[in-house]
Amino acid sequence: MPRIAYVNGRYVAHAQAGVHIEDRGYQFADGVYEVCEVARGYIMDMTRHLDRLDRSLRELSIAWPLHRSALQVVMREVIRRNGVRNGLVYMQVTRGVAPRDHFFPAPDTPRTLVVTARKTSPAASAKKAEQGIRVITVPENRWERVDIKTVGLLPNAMARQKARDAGAQEAWFVDPDGTVKEGASTNVWIVAGDGTLLTRPAASGILRGVTRATVMDVAARLGLRVEERAFTVDEAKAAREAFITAATTVVMPVVEIDGTPVANGHPGSVAVSLRAAFFDIAEKTQA
Ligand code: PDD
């Protein structure tokens, strides 16, 4: 099945899909994006993802490119045309195409909207979760508006590449005070000695992850205590468990931090239970 992308009102062959060279996303990273998981034919947590897209757009004074309900139609259509039952749907909105100039173009400049979808392998991610992943830590070097989900991801890409070069799968940004911010494309959690789940408050320099919010719902349902507070790399290394969350990974156990095993170096039971219960408790919209 050939891949199909949606670009500004048209469904086009993925291989030929493109936007103009003076798109502000290309020239200034002047755009925002969302990634939703598609699981067993459902779009997961669509309401929270579209609410966050709305917030990101408002923070950058970019108007919606089309009505929210029309975007949902496009998402479903791209998922259908690509035959995705398990995978990801990606959407990106930029301020549009205009002669290169730092000033914003006229407000009626059409925004650029791209929607793509691709399949992922549930078996491969289950296998990864059984093994757990290794992470490295890197100094925080991003701007302070990481609460906006912009396409300006160069520090994130550099951090993840550094992780790969070190034989790890994710990099955690760390503040000068030693506290963990978040992963390059994930939120970070640990399980403290008393069983409390700790995750950094969303107001303090991280992206408010949708999966993070839903994992809080799952934890509540499982009777687990969650505390939103900053923790250090040393606390994480000494924790009972560590894990990351994102639409792309759901709940993924972390078994090693900068070469130090977390607990016995195997995925912990809390992460495994949260992962197992996630699908049932998250919002599901028929794709
Ligand atoms: N990344 N923090 C950062 C910096 C992220 O880029 C992401 C998501 C998250 C987790 O958010 P959510 O649970 O809403 O997916 C946290 C997406 C998946 C990406 O860039 O591919």
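All of these numbers come straight from a predicted model, not from anything done at the bench.

About the thresholds
- Every chain's residues receive numbers from 1 upward, in the order its sequence appears when written.
- Note on the predicted model: pLDDT of at least 70 is required for a residue's local features to be given, and 80 or more for side-chain atom pairs to be given and counted; whole-chain, interface and lining totals, by contrast, use all residues.
- Water and hydrogen atoms play no part in the side-chain values, which are based on all heavy atoms of the structure.
- Here a helix means four or more residues in a row that DSSP labels H or I, a strand means two or more in a row labelled E, and each is numbered from the N terminus.
- Throughout, the radius of gyration refers to the C-alpha atoms, and the reference size of a globule is 2.2 Å times the residue count to the power 0.38.
- Buried, partly exposed and exposed residues are distinguished by accessible area as a fraction of the type maximum, computed with a 1.4 Å probe on protein chains only: under 20%, between the cut-offs, and over 50%, respectively.
- Here a residue-residue contact requires only that any non-hydrogen atoms of the pair lie within 4.5 Å.
- Surface exposure here means Shrake-Rupley accessible area, sampled with a 1.4 Å probe, where a residue is shielded only by the protein chains that are shown.
- Both cavities and pockets are sets of points on a 1 Å grid over the protein atoms alone; in a cavity a 1.4 Å probe fits but cannot get out, in a pocket the set is open with protein on both sides within 12 Å along at least five of seven lines, and lining residues sit with an atom within 4 Å of a point.
- Grid points are joined across faces, edges and corners, and a volume is the space filled by probe spheres set on the points.
- Residues are sorted three ways: Asp, Glu, Lys and Arg are charged, Ala, Val, Leu, Ile, Met, Phe, Trp, Tyr, Cys and Pro are nonpolar, and all the rest, Gly among them, are polar.

Asks: Which residues make up the overall build of the protein chain, and what are the values?
Replies: In terms of regular secondary structure, the protein chain is built from eight helices and 16 strands. For 287 residues, the compact-globule formula gives about 19 Å, and the C-alpha radius of gyration of the protein chain, at 19 Å, lands near that figure. With respect to the principal axes defined by its C-alpha atoms, the protein chain has extents near 55 × 40 × 35 Å. Taken over 287 residues, the protein chain has a buried fraction of 49%. Across the protein chain, the fraction of contacts at a sequence separation of at least 24, relative to all contacts at a separation of at least 6, is 72%. Accessible surface computed for the protein chain: about 13,700 Å², of which carbon and sulfur atoms make up 53%.

Asks: Account for empty space enclosed by the protein, with residues named and values stated.
Replies: Considering all chains together, one arrives at two cavities of 30 Å³ or more under this definition. When its volume is computed, the largest cavity comes out at roughly 50 Å³. Lining the largest cavity, in full, are Glu37, Met44, Asp45, His49, Val210, Thr211, Ala247 and Phe278. Here the lining of the largest cavity is built from residues that sort into four nonpolar, two polar and two charged. If you add up the space inside the second largest cavity, you get close to 40 Å³. Every residue along the wall of the second largest cavity is listed here: Arg240, Glu241, Ala242, Pro253, Val254, Val262, Ala263, His266, Pro267 and Gly268. For the lining of the second largest cavity, the elements supplying multiple residues, two or more each, are strand E13 (241-246) and strand E14 (250-257). When its residues are assigned to classes, the lining of the second largest cavity shows six nonpolar, two polar and two charged.

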